[in-house]
Amino acid sequence: MGLPEDEFFACGHRACAGCGAATAVRLITKAAGKNSILVESTGCIEVVSTPYPETSWKIPWIHGAFENPASIASGISAALKTKGLEDKVNVIALGGDGSTYDIGLQFISGAFERGHDFTYVCLSPETELILSDGSIVEIGELIDQHIEKSMLIEVIRSNSNKLSASSLISRLGDVESVSMTEKTLSWDGKSFSPMTTLRAQRKESPEELIKVTTSSGSVISLTPEHRVIVDSIVGFEWKEAKNLNPGDEVYAPRKIYIDVDNEPYIIDFLDEDINLILPEKTKEKIKSRLREKYGTIKNASIKIGFKYWQFKGGGRNITLSGLKKICQDGCAEWIELRDKIREFSVRGGNNIRFKSVRFDEDLMYLLGLIASDGYLDKRGSIVFINKESQLLSEFKERYSKLFCGRKLSKVDVGGTYYVHVNNPALYMVAKNLKIKSDPKEIIKLPEPLISAFLRGFFDGDGHCSILHHKHTNEARIILTTTHNVLAKRLRLMLQRLGIASFQDSRAHRSDIIVLSREDIQGFIDKVGSNHPKKIIEMKRVRNLFDKQNPRGKYFSLAPRVCGVILREICKKHNIPITRVDRKRDICTLAAGKRRATKRRIREYIDKLKEFVSDDPLFEELELLLKEDFYLDPIKKIERVHCKSKYVYDITVPETHVFVPEGAFVISNCYDNEAYMNTGIQRSGATPYGASTTTSPSGKLSIGKLEWKKDILHILAAHGSPYVASASIGYPIDAFRKIRKAIETKGPTFINILCPCPTGWRFSSEKTIEIAKLAVETGVAPLYEIINGKHSINRPRDIDKLKPVEEYLKLQGRYKHLFRPEKKEKDIDFIQSRIKENLKLLMEMAEKGF
Amino acid sequence: MIDFENLKVKVGDKEITIGAVLESNGSTSNLKTGAWRSMRPVTDFEKCTGCGICWSLCPEGCIKKGDDGKFEADLDYCKGCGICANECPVKAITMVMEEK
Amino acid sequence: MTKTVMEASHAISEAVKMIKPGVVAAYPITPQTHIVERISDFVADGDLKAEYIRVESEFGAISACLGASATGVRVYTSTSAQGLALMFEILFIVSGMRLPVCMTVVNRAMSAPISIWNDHQDSISCRDTGWIQMYAETAQECYDLTLMQYKISENKNVLLPSMVCLDGFTLSHVYEPFDIPPQKQVDEFLPEYRPHSAILDPDQPMTLGSIGFPSHYMEIRYSQIEAMENSIDIIEKVFNEFSDNFPVQIEGSRPERYYHTEGYRIDDAETVFVAMGSVCGTIKVAVDKLRGEGEKVGLLKLITYRPFPREAIKNALKDVKKVAVLEKAVSPGANGPVFDEISSLLYGEKSEAEIRNFIIGLGGRDVRLDHIERIYEMTKEGKGKKQEWMF
């Protein structure tokens with residue numbers, strides 16, 4: 001079910017049949033893992049688990065007294081710190097109702113007030129983030145900048161070197177944290193999208209990092225505790241980097257999304273000293289504004305800092321840098337101007353006029369050809385070399401379209417054509433775009449332009465071929481480069497188009513290879529070619545796809561859990577499996593012994609839909625079969641020494657996790673909501689409090705006139721970074737919260753509702769049912785207070801609350817409300833109070849408190 | 001490392017440990033609590049989908065996964081509380097009275 | 001070897017600094033504050049590399065020490081009167097779990113009425129908790145006993161917590177000369193802590209604090225009490241080892257050789273005072289004066305109180321005719337506890353000594369030479385009640 005399988009609480013303990021607390025303890029120990037110390041208070045669990053000389057525990061466990069697990073835990077965590085083990089061992093204090101709410105509250109308060117160090121999961125600084133506008137930045141650089149900037153602002157604000165509690169930047173332990181407005185690619189379990197980052201963190205790096213290389217060539221270095229999603233038979237699970245194995249399949253995005261609002265202009269890639277040919281009218285307008293402000297052009301030039309003779313006319317023109325300065329000064333509008341300027345000159349040479357101010361397909365195609373089969377020589381000209389005359393005509397045709405009137409020279413040396421282009425502006429664009437080394441700016445462009453570039457590159461240095469195997473033929477498309485970073489960018493460009501590829505890097509070559517049928521089809525459709533021979537090859541591949549069902553499984557495998565879901569649908573609706581799949585492959589799929597492609601699963605679904613019209617499981621399957629991600633097997637895991645001083649991480653909003661470098665999905669610092677299944681041992685920090693409500697002093701005992709003590713808000717007021725309420729009726733949610741509490745640095749608290757059949761007086765099989773009802777009626781709403789902000793998990797709709805009567809009447813301890821006669825008034829009071837409290841919680845969450 | 005043998009002491013006829021410490025080896029598994037129950041779970045394996053909900057909710061932790069991926073309670077420990085039967089999404093488990 | 005003049009509380013802080021505990025958890029209470037304030041200075045300056053937990057109460061302090069000691073590090077805490085009473089529940093648990101927690105008790109009277117001044121009611125009332133108890137007379141003894149208590153508690157055949165008691169204000173806040181041995185010598189005497197009782201370690205997981213059913217409880221308690229009985233020999237060994245390696249530097253600051261008791265001019269004494277703590281200094285002066293007047297009188301100072309040093313006391317008092325037990329504590333409805341214990345001891349020996357109980361100095365009431373002289377008179381002449389209060 002997504003929980004770790006190891007048990008740390010053995011059978012044979014003396015708890016009552018149906019004990020809710022026992023289930024909770026199993027969950028807690030699974031969440032904490034082997035490297036934990038459990039501190040127990042006097043109570044049911046302590047008594048039933050240590051019937052001397054037997055014990056149920058498989059982890060270190062200590063019981064002190066009734067009221068002091070929090071204090072004992074403080075002592076243990078201090079001792080661990082002196083031994084240097086505070087990051088390796090979790091300390092969890094468990095208490096019941098009494099020891100937490102009443103007699104023990106003093107000690108919890110003390111422990112919380114003291115607080116402790118933090119644990120973070122982080123990335124090495126050279127990991128690249130793809131921001132929502134398409135730019136690619138190194139996470140280290142980006143966050144360092146933010147931290148420096150924020151510190152500066154803070155110092156100016158507070159006029160001191162101290163950081164206030166409400167800083168932009170905060171320092172907790174040895175982690176510096178800062179808020180960011182950039183957006184980066186993230187995943188919410190359903191789809192990828194660019195999301196806003198919340199905060200970024202920087203911390204001193206550990207000794208060792210884990211370097212993960214996937215089959216598609218993504219290389220990411222993570223701290224050993226950083227968690228990654230890997231595919232498994234129960235869905236996807238989180239695995240810590242240090243526990244990853246080659247062969248584990250990570251979730252990689254097929255397509256990268258960016259916001260293409262700010263498409264770059266050609267002028268953005270020209271050198272600052274290029275001369276701009278402004279239309280006469282524009283020039284005059286600027287001149288008049290300058291004169292308005294400064295009197296004469298000469299004056300303006302001195303004050304603003306451009307060369308005044310640039311405006312004098314007579315062949316002399318304003319440079320790009322000069323114009324920018326004028327715009328900064330306010331005498332011209334850059335946004336207006338850049339739509340108008342497309343004529344340039346360099347050092348008194350001829351004017352060069354572009355067809356348009358923006359990049360277009362012809363220009364991109366040309367750049368693609370130059371990137372693959374051309375080069376920029378030292379004297380400032382572009383050289384294109386090729387044997388294929390068709391390509392040559394393409395080059396010439398496009399060039400004349402873009403720059404009508406300019407000439408190129410062509411030399412034929414034994415069948416190979418050398419084309420020289422003397423076009424300093426184009427040279428600058430190609431150079432500044434770094435098309436031969438690191439064309440990461442191209443990622444920002446809209447898809448058709450990227451396609452054009454790739455088409456050019458493919459025509460120059462790409463191949464489309466069919467390999468003949470014994471029983472089948474395999475198609476592949478290859479782009480060849482000599483440059484590792486260039487290959488990486490090409491892969492990213494393909495990802496922008498939704499084409500998955502893998503990078504094969506060797507000593508002097510880095511190839512990008514597209515293998516799966518869907519991706520090749522995508523390439524043919526979206527990129528295509530103008531090279532006659534390659535067009536023929538593509539046609540042949542098309543024919544091949546039409547004829548045979550290719551066996552290739554690269555990047556088209558479906559997540560393992562699909563088999564399980566298919567089988568479940570069959571069982572649910574009593575459909576014999578052979579009706580859907582003669583060979584009963586579904587069974588072997590469900591058992592994890594076979595894999596199937598997404599296409600194959602779709603075939604099964606179509607068959608199933610002949611028998612079943614509607615089932616929510618189909619929706620689940622659709623999500624898993626979405627083409628926007630693919631499973632990328634890990635090729636290599638290495639332990640590397642961390643060379644840099646810091647490691648970095650970012651947080652994206654609640655339901656999302658981020659995707660560095662567009663490579664694969666890893667965890668946030670703050671984890672969240674439902675879909676996420678679990679991983680393996682986690683190292684946390686100290687101290688902690690986890691509470692189970694088992695004792696019959698109970699939640700709502702109407703014999704009492706006081707309402708239940710609001711322990712969560714009391715402890716949140718201590719400044720705990722994470723407090724949450726959980727219920728064993730929702731074990732995965734509880735598990736996630738416990739995990740999160742363990743991961744969160746500082747004192748954290750979870751209140752787990754555990755119904756007690758003996759104390760609450762109900763039949764033992766109803767424990768989980770009652771735990772669920774408590775939540776559904778609003779008696780025990782599930783919510784979290786994360787750094788002081790409320791987040792309600794359930795129930796979400798106050799109007800759809802089940803009546804509290806349903807919860808009360810199942811329990812013997814409330815029977816005095818129903819017999820001898822129903823006490824309507826008291827039940828109504830309970831109902832209204834519950835609604836009130838829930839409304840308040842929801843309001844707080846809505847308003848951001 | 002502690003030498004656990006040094007912590008064992010004999011008082012009269014009884015062997016005890018100083019400070020009443022124990023090795024955390026889950027030794028309560030020597031106590032077969034199965035004798036407590038009056039009802040027993042019976043699983044229909046045709047219906048069982050191997051979802052694991054019963055395993056995760058059992059207070060005893062005595063439901064084990066078989067080689068076929070399906071789950072069955074270990075009757076040495078099962079106390080017959082009935083949670084597994086109540087929570088199974090496909091109703092594959094029924095509680096029957098124990099004979100004798 | 002550094003001779004210095006300091007408050008006795010600071011002598012203890014110095015000792016703790018040199019012992020290098022891993023965790024210190026303490027809550028301030030008059031008159032213990034000077035000890036822990038000095039220690040937190042050490043920690044702040046890096047002279048002592050320990051985790052100092054600023055707990056929210058004495059209960060938290062002893063619980064944190066329990067947790068830390070269970071995790072396998074040396075710990076230290078300190079308290080007085082009300083604080084010790086607040087720790088009461090956990091004192092039993094620490095001893096029952098056989099954790100070598102070491103504490104300093106700065107003796108102060110118990111409320112009500114509230115008093116911050118010295119008497120022994122607090123630590124005496126904890127005599128059943130299973131902690132080893134030793135009482136110091138001088139600053140040098142405070143320093144020395146603090147060093148020794150760790151060695152005693154951590155001994156693998158003892159594994160019992162211990163408390164060193166000193167009188168609040170009359171000793172703790174009094175400047176006395178004492179000698180600090182070199183760190184190297186302390187390290188040799190007290191090497192790095194190696195836990196022998198169970199510890200909390202995920203590599204060797206253990207369960208501590210199980211329930212003890214009637215079938216097992218008595219045997220477990222027996223083994224604990226047996227350890228307390230056996231500790232008397234080990235305490236003696238430690239005393240000897242210490243006396244061998246750390247010779248007296250300042251005359252009169254401590255016994256030549258440490259032992260469970262210190263006899264002062266008792267060899268031919270006919271009347272012996274029995275007392276604990278800093279009042280012995282006053283008694284020694286009185287003894288000298290009386291001896292000067294020709295009286296055959298002596299003092300038996302108890303250093304070890306728990307375990308009760310039966311043999312030492314028996315041997316010291318075997319030929320004595322009159323015994324005056326001077327105590328700063330009383331058990332309401334019975335007598336001074338030390339008196340009752342010595343009486344039962346000597347009764348068992350069929351001694352014919354006349355034993356009397358004098359309650360002195362409760363709530364910080366000054367004990368002066370003339371008090372001691374009057375006590376001597378009453379004892380000599382057989383006047384007054386069996387339990388006499390010296391107001």
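Residues numbered from 1 in each chain as written. Chains lettered and ligands numbered in written order. Predicted model: local features only at pLDDT ≥ 70, side-chain atom pairs only at ≥ 80, totals over all residues. Heavy atoms only, no water.

A look at the overall build of chain C
Across its full length, chain C holds twelve helices and 16 strands. A burial count over chain C gives 63% of its 391 residues as buried. Residue pairs at least 24 apart in sequence account for 79% of intrachain contacts in chain C once pairs closer than 6 positions are excluded. Summed over its atoms, the accessible surface of chain C is roughly 14,700 Å², and 51% of this surface lies on carbon and sulfur atoms. (Helix = DSSP H or I, 4+ residues; strand = E, 2+ residues; numbered from the N terminus. Buried < 20%, exposed > 50% of the residue type's maximum accessible area, 1.4 Å probe, protein only. Contact = heavy atoms within 4.5 Å. Areas by Shrake-Rupley, 256 points an atom, 1.4 Å probe, with all protein chains shown as cover.)

Re unusual backbone geometry
Omega for the peptide link from Arg794(A) to Pro795(A) comes to -10°, which places this bond in the cis form. Here Pro795(A) shows up in the loop between strand S34 (789–794) and helix H27 (804–808).

A look at the packing of aromatic side chains
Taken as a whole and assessed by the stated rule, the structure comprises 20 aromatic pairs over all chains. Judged by centre distance (4.7 Å) and plane angle (10°), the ring pair of Phe384(A) and Phe395(A) falls under stacked. Here the residue Phe384(A) occupies a position in strand S20 (residues 382–386), and Phe395(A) occupies one in helix H12 (residues 389–402), the gap between them amounting to eleven residues. One exposure class covers both Phe384(A) and Phe395(A), and it is buried. Among the aromatic residues, those joined into a cluster by ring pairs are Phe189(C), Phe239(C), Phe242(C), Phe246(C) and Tyr258(C). Seen from the ring of Phe618(A), Lys609(A) lies directly overhead, with NZ or CZ sitting 5.1 Å from the centre. A cation over an aromatic ring shows up here: Arg306(C) above the ring of Tyr305(C), its NZ or CZ 4.7 Å from the ring centre. (Phe/Tyr/Trp six-rings, centres within 6.5 Å; stacked < 30°, edge-to-face > 60°. Lys NZ or Arg CZ within 6 Å of the ring centre and 35° of its normal.)

Some remarks on the nonpolar core
If you look at the biggest cluster of nonpolar residues, it comprises 93 residues, and the most contacted ones within it are Leu323(A), Phe359(A) and Leu367(A). With residues near it in sequence (within four places) discarded, Leu367(A) still touches Phe359(A), Leu426(A), Val429(A), Ala430(A), Leu433(A), Ile435(A) and Phe453(A). Core analysis: the next-biggest nonpolar cluster, separate from the first, contains 77 residues, Ala70(C), Leu91(C), Leu99(C) and Ile124(C) among them. (Core = buried A, V, L, I, M, F, W, Y, C linked by side-chain atoms within 4.5 Å.)

Quick word on the interface of chain C and chain B
Accessible area lost upon the coming together of the parts is a frequently used measure of interface size. In this assembly, 22 residues from chain C lie in contact with 16 residues from chain B. Where chain C touches chain B, the interface holds one salt bridge. Applying the counting criterion to the chain C and chain B interface returns seven residue pairs in polar contact (both at pLDDT 80 or more). Contributing elements (two or more residues each) for the side of chain C that touches chain B: strand S9 (206–208) and helix H8 (217–245) of chain C. Here the side of chain C that touches chain B gets four residues from one element, more than from any other, and that element is H8(C). When its residues are assigned to classes, the side of chain C that touches chain B shows ten nonpolar, nine polar and three charged. In terms of strand pairing, strand S3 (residues 22–23) of chain B meets S9(C) through two bridges, oriented antiparallel. Across the sheet, Leu22(B) pairs through a bridge with Thr207(C), a residue of S9(C). (Salt bridge = Lys/Arg side-chain N within 4 Å of Asp/Glu carboxyl O. Polar contact = N/O pair within 3.5 Å; in protein donor to acceptor, adjacent residues only side chain to side chain. Nonpolar A, V, L, I, M, F, W, Y, C, P; charged D, E, K, R; others polar. Pairing = 2+ DSSP bridges.)

Remarks on the interface of chain B and chain A
Taken together, the contact pairs 38 residues of chain B with 43 residues of chain A. The three residues of chain B that bury the most area against chain A are Leu22(B), Thr28(B) and Trp55(B), which together make up 18% of that side's buried surface. Remark: the boundary between chain B and chain A carries two salt bridges. For Lys772(A), the salt bridge identified is with Glu87(B), shortest N-O distance 3.1 Å. (Buried area = accessible area lost by both parts, 1.4 Å probe.)

Details of the pattern of salt bridges
Taken as a whole and assessed by the stated rule, the structure comprises 75 salt bridges over all chains. Glu51(C) is the salt-bridge partner of Lys81(A), the closest N and O atoms lying 3.9 Å from each other. In this pair, Lys81(A) sits in helix H3 (residues 69–82) while Glu51(C) sits in strand S3 (residues 51–54), so the two residues belong to two different chains. Residue classification places Lys81(A) among the partly exposed positions, given a relative accessible area of 29%. In this structure, Arg509(A) engages Asp511(A) in a salt bridge whose closest nitrogen and oxygen atoms are separated by 2.5 Å.

Examining helix H11 (residues 337–348) of chain C
All names here are of chain C. The end-to-end C-alpha distance of H11, which contains twelve residues, comes to 17 Å, matching closely the 16 Å that a straight helix rising 1.5 Å per residue would cover. Of the residues making up H11, those classed as buried are Pro 337, Val 338, Phe 339, Glu 341, Ile 342, Ser 343, Leu 345 and Leu 346. Lys 350 occupies a position one or two residues after H11 and carries a positive phi of about 55°. (Expected span 1.5 Å × (residues − 1).)

Quick notes on the packing of helix H21 (residues 598–609) of chain A against helix H22 (residues 616–624) of chain A
All names here are of chain A. Direction vectors running N to C along H21 and H22 enclose 160°, while the axes themselves pass 11 Å from each other. Our classification of the angle between H21 and H22 gives roughly antiparallel. Crossing handedness for the pair H21 and H22: left-handed. Two secondary-structure elements touch here, H21 through Lys 598, Ile 605, Leu 608 and Lys 609 and H22 through Phe 618, Leu 621, Glu 622 and Leu 624. Of the residues contributing to the contact of H21 with H22, the split by class is five nonpolar, no polar and three charged. (Axes fitted to C-alpha atoms, helices over the stretch in contact; angles between N-to-C directions. Parallel < 35°, antiparallel > 145°, perpendicular 65-115°, else oblique. Left-handed = near helix turned anticlockwise from the far one by under 90°.)

Concerning the sheet that holds strand S19 (residues 374–376) of chain A
All names here are of chain A. If you walk across this open sheet you meet the four strands as S19-S20-S22-S21, and the pairing is antiparallel. The open sheet terminates on both sides in strands that have one partner only, identified here as S19 and strand S21 (408–413). Across the sheet, the mean angle from the axis of one strand to that of its neighbour is 20°, orientation sign disregarded. Taken together, the three bridges between S19 and S20 define a ladder with antiparallel strand orientation. Bridge pairing links Tyr 375 to Val 383 in S20.

Some words on the sheet that holds strand S25 (residues 502–505) of chain A
All names here are of chain A. Strand order in the open sheet formed by four strands is S23-S24-S26-S25, and the pairing between neighbours is antiparallel. Because the sheet does not close on itself, it has two edges, and the strands there are strand S23 (462–468) and S25. Taking each pair of neighbouring strands and ignoring which way they run, the sheet shows an average axis angle of 30°. For S25 and strand S26 (residues 510–514), the ladder comprises four bridges, and the chain directions are antiparallel.

Examining the environment of Ser41(A)
Residue and element names in this part refer to chain A. Here Ser 41 shows up in the loop between strand S1 (36–40) and helix H2 (44–49). For Ser 41, a relative accessible area of 2% puts it in the buried group. Between the C-alpha atoms of Ser 41 and His 63, which are 22 residues apart in sequence, the distance is 5.9 Å.

Focus on the packing of helix H10 (residues 310–317) of chain C against H11(C)
All names here are of chain C. Running from amino to carboxyl end, H10 crosses H11 at an angle of 70°, the nearest separation of the two axes being 11 Å. The pairing of H10 with H11 is recorded here as roughly perpendicular in orientation. Counted together, Arg 310, Ile 313, Lys 314 and Leu 317 of H10 and Ile 342, Leu 345 and Leu 346 of H11 form the full contact between these two elements. For the contact of H10 with H11, a count of residues per class yields five nonpolar, no polar and two charged.

Structural notes on the pairing of strand S14 (residues 322–327) of chain C
Residue and element names in this part refer to chain C. When you tally the buried positions in S14, you get six out of six residues, the bulk of the element. Alternating residues of S14 divide into Lys 322, Ala 324 and Leu 326 and Val 323, Val 325 and Glu 327, and every residue in both groups is buried. One ladder, built from four bridges, connects strand S11 (residues 271–275) with S14; its direction is parallel. Following the sheet pairing, Val 272 is matched in S14 by Val 323.

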